[in-house]
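Understanding the architecture of this molecule
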Amino acid sequence: MTLVFATHNAHKLKEIQALLPTTIKLLSLTDINCNEDIPETATTIEGNALLKAQYIKEKYGYDVFADDTGLEVVALNGAPGVYSARYAGAQKNDADNVALLLQQMEGNPERRAQFRTVIALCLGKETYTFEGIAKGSICQVPIGNNGFGYDSIFVPEGYTQTFAQLSQEEKNNISHRGRAFEKLLVFLSNS
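Residues numbered from 1 in each chain as written. Predicted model: local features only at pLDDT ≥ 70, side-chain atom pairs only at ≥ 80, totals over all residues. Heavy atoms only, no water.

**Brief notes about the overall build of the protein**
Using the following cut-off: Here a helix means four or more residues in a row that DSSP labels H or I, a strand means two or more in a row labelled E, and each is numbered from the N terminus. Restricting the calculation to C-alpha atoms gives the radius of gyration, and the globule rule supplies 2.2 Å times the number of residues raised to the power 0.38. Contacts were defined at the residue level, with two residues in contact if any of their heavy atoms lie within 4.5 Å. A 1.4 Å probe and the Shrake-Rupley method give the accessible areas. Residues count as covered only by the protein chains that appear here. Positive: Lys, Arg. Negative: Asp, Glu. His and the chain ends are not part of the count. Think of each charge as sitting on NZ of Lys, CZ of Arg, CG of Asp or CD of Glu.
Across its full length, the protein carries 5 helices and 7 strands. Sequence-ordered secondary structure for the protein, helices as α and strands as β, is β-α-β-α-β-β-α-β-β-β-α-α. Scaling as 2.2 N^0.38, a compact globule of 191 residues should have a C-alpha radius of gyration of about 16 Å, and the protein matches this with 16 Å. When the backbone C-alpha atoms are referred to their principal axes, the protein occupies close to 50 × 30 × 25 Å. Restricting to contacts in the protein with at least 6 residues of sequence separation, those with at least 24 account for 55%. Working note: accessible area of the protein is about 9,500 Å², and carbon and sulfur atoms make up 48% of it. One finds the centroid of the 17 positive side-chain charges in the protein at a distance of 2 Å from the centroid of its 22 negative side-chain charges.

**Looking at the side chain of Lys171**
For clarity, the cut-off: Only protein chains enter the calculation, and the probe is 1.4 Å; a residue is then buried if its accessible area is under 20% of its type maximum, exposed if over 50%, and partly exposed in between.
Tracing the backbone shows Lys171 in helix α4 (residues 168-174). The class of Lys171 is buried, set by a relative accessible area of 4%. Apart from the residues within four sequence positions on either side, Lys171 is in contact with Glu15, Phe148, Asp151, Phe163 and Leu166.

**So, the layout of surface pockets**
Heads up, the rule is: Both cavities and pockets are sets of points on a 1 Å grid over the protein atoms alone; in a cavity a 1.4 Å probe fits but cannot get out, in a pocket the set is open with protein on both sides within 12 Å along at least five of seven lines, and lining residues sit with an atom within 4 Å of a point. Grid points are joined across faces, edges and corners, and a volume is the space filled by probe spheres set on the points. When residues are sorted by character, Ala, Val, Leu, Ile, Met, Phe, Trp, Tyr, Cys and Pro go into the nonpolar class, Asp, Glu, Lys and Arg into the charged class, and all the rest, Gly among them, into the polar class.
Estimates place the volume of the largest pocket at around 770 Å³. Lining the largest pocket we find 32 residues, and of these Asn9, Lys12, Glu40, Ala85 and Lys92 sit closest to its centre. Sorting the residues of the lining of the largest pocket by element identifies α1 (10-17), β3 (64-73), α3 (94-105) and α5 (176-189) as the ones contributing at least two each. Broken down by element, the lining of the largest pocket gets its largest block of residues, 5 residues, from β3. Per-class residue counts for the lining of the largest pocket are 9 nonpolar, 10 polar and 13 charged.

**A look at α5**
The following threshold applies: Given the number of residues in a helix, its expected span is that number minus one, multiplied by 1.5 Å.
Between its first and last C-alpha, α5 extends 20 Å over 14 residues, near the 20 Å set by a 1.5 Å rise per residue. Looking at the packing, one finds that the buried side of α5 touches β1 (2-5), α1, β3, β5 (112-123), β6 (126-138) and α4.

**Comments concerning the nonpolar core**
Rules: Nonpolar core, defined: a set of buried Ala, Val, Leu, Ile, Met, Phe, Trp, Tyr and Cys residues in which side-chain atoms within 4.5 Å join the residues together.
Leu71, Val73, Leu101, Ile138, Tyr150, Ile153 and Phe154 are the most contacted members of the largest nonpolar core, which totals 20 residues. Secondary-structure elements contributing two or more residues to this core are β3, α3, β5, β6 and β7 (154-156). For this core, the leading source of residues is α3, giving 4 residues.

Quick look at the structure:
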């Protein structure tokens, strides 16, 4: 089976490739010569995942999956949520996003948060969605060099280290994206 993963994000691609069985050939947007910026104009994480997958299916004809992820912080009423990647501005800078979030959390004892990923799959004429959640908390300062996005300030439940301190394998086993992708793989193996 050949599937397109609708992303240009090398970090996400690497995470997913590590989870794939050898029976699935994964193509990136670069592999199919899709260089345009796919609009992410929905107001929900699910909506953005669907927009990206449907765009590739309609324009390129491939079976495709796309994901969207948001960090939902209790003290910020679920923000940054769907706007996580561009929280500090359209430049989508991880360091700026982390700095803004920590500034807004300063002095707040409520640190609970969750990462939520939704994967949208367009397979044949059908569309499916799969959700994964990783609960945890926001630490006071960035710690660790692995990962990307908000990984350096997110401590998953049951751990004392941030996602950015864990190995790729450890993170995949407990991450929101790993959990959503596991549901996708179970679905594909039963199809």
